[in-house]
Amino acid sequence: MKHSLLILILFVSAFGSASSCDKNDGNINPNIENTGDDNNMMSSKIKIKVNSQVFTATLLDNNSSKAFIKMLPMTINMKELNGDEKYYDLPDRLPTNTSNPGTIQNGDLMLFGSGTLVLFYKTFSTSYSYTRLGRIDDVSGLAEAVGSKNVTVTFEGE
């Protein structure tokens, strides 16, 4: 019975992957799969300036990230929370697709609810749900740059 179930799951998985293939019509980047999955990275990069340091982040291909990009550029005062994150309540609500990541990674950029932007600067386990926007490509020096107090951060398109 277990083997039959495993074979069925593999068949459905393989069939689902094959049926989502698209021909490149020239309007789609062939290196980016657009399945609506929040874990697909898009080619959009943003700059995140903290004091004198500049970090580059790659955004996910989702409606939340697309709406966030339309808000840029913006300079905001992000508040400290729990010694591992900075947050800011956005003036506008963004679309959400929440899930519990289980583990927050240093450099994750997420939404809490539909209007709180969160930049994480430490890795830890969580029971909360977030909408992923993207993550900082190289987190070297991020914790030092954001410090332990509120900090002014600039987000802008690349």
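Each remark here, short or long, concerns the structure printed above.
Worth saying up front: this structure is predicted, and the values here are computed from it rather than measured.

Caption draft 1: Looking closely at the pattern of salt bridges. In this structure the tally under the stated criterion is six salt bridges. Two residues, Asp-137 and Lys-45, come together in a salt bridge whose shortest N-O distance is 3.0 Å. Of this pair, Asp-137 sits in the loop between strand S9 (131-136) and helix H3 (142-146) while Lys-45 sits in strand S1 (residues 41-50), and the two are 92 residues apart along the sequence. The exposure class assigned to Asp-137 is partly exposed, which follows from its relative accessible area of 42%. Given a relative accessible area of 32%, Lys-45 falls into the partly exposed group. Asp-108 is the partner of Arg-135 in a salt bridge, and the nearest nitrogen-oxygen pair spans 2.7 Å. Taken together, the residues span a long stretch of sequence, with Arg-135 in strand S9 and Asp-108 in strand S6 (residues 108-112) at a distance of 27 residues. Within this structure, Asp-108, Arg-132 and Arg-135 form a network of salt bridges that share partners.

Caption draft 2: Layout of the packing of aromatic side chains. This structure, assessed with the given rule, holds five aromatic pairs. On the basis of an interplanar angle of 55 degrees and a centroid distance of 5.7 Å, the ring pair of Phe-112 and Tyr-130 is categorised as tilted. Of this pair, Phe-112 sits in strand S6 while Tyr-130 sits in the loop between strand S8 (124-125) and S9; the two residues are 18 residues apart in sequence, bridging distant segments of the chain. Given a relative accessible area of 38%, Phe-112 falls into the partly exposed group. Relative accessible area serves as the criterion here: at 4%, Tyr-130 is assigned to the buried category.

Thresholds applied
- Residues numbered from 1 in each chain as written.
- Predicted model: local features only at pLDDT ≥ 70, side-chain atom pairs only at ≥ 80, totals over all residues.
- Heavy atoms only, no water.
- Salt bridge = Lys/Arg side-chain N within 4 Å of Asp/Glu carboxyl O.
- Helix = DSSP H or I, 4+ residues; strand = E, 2+ residues; numbered from the N terminus.
- Buried < 20%, exposed > 50% of the residue type's maximum accessible area, 1.4 Å probe, protein only.
- Phe/Tyr/Trp six-rings, centres within 6.5 Å; stacked < 30°, edge-to-face > 60°.

Any functional reading would require information beyond the geometric quantities listed.
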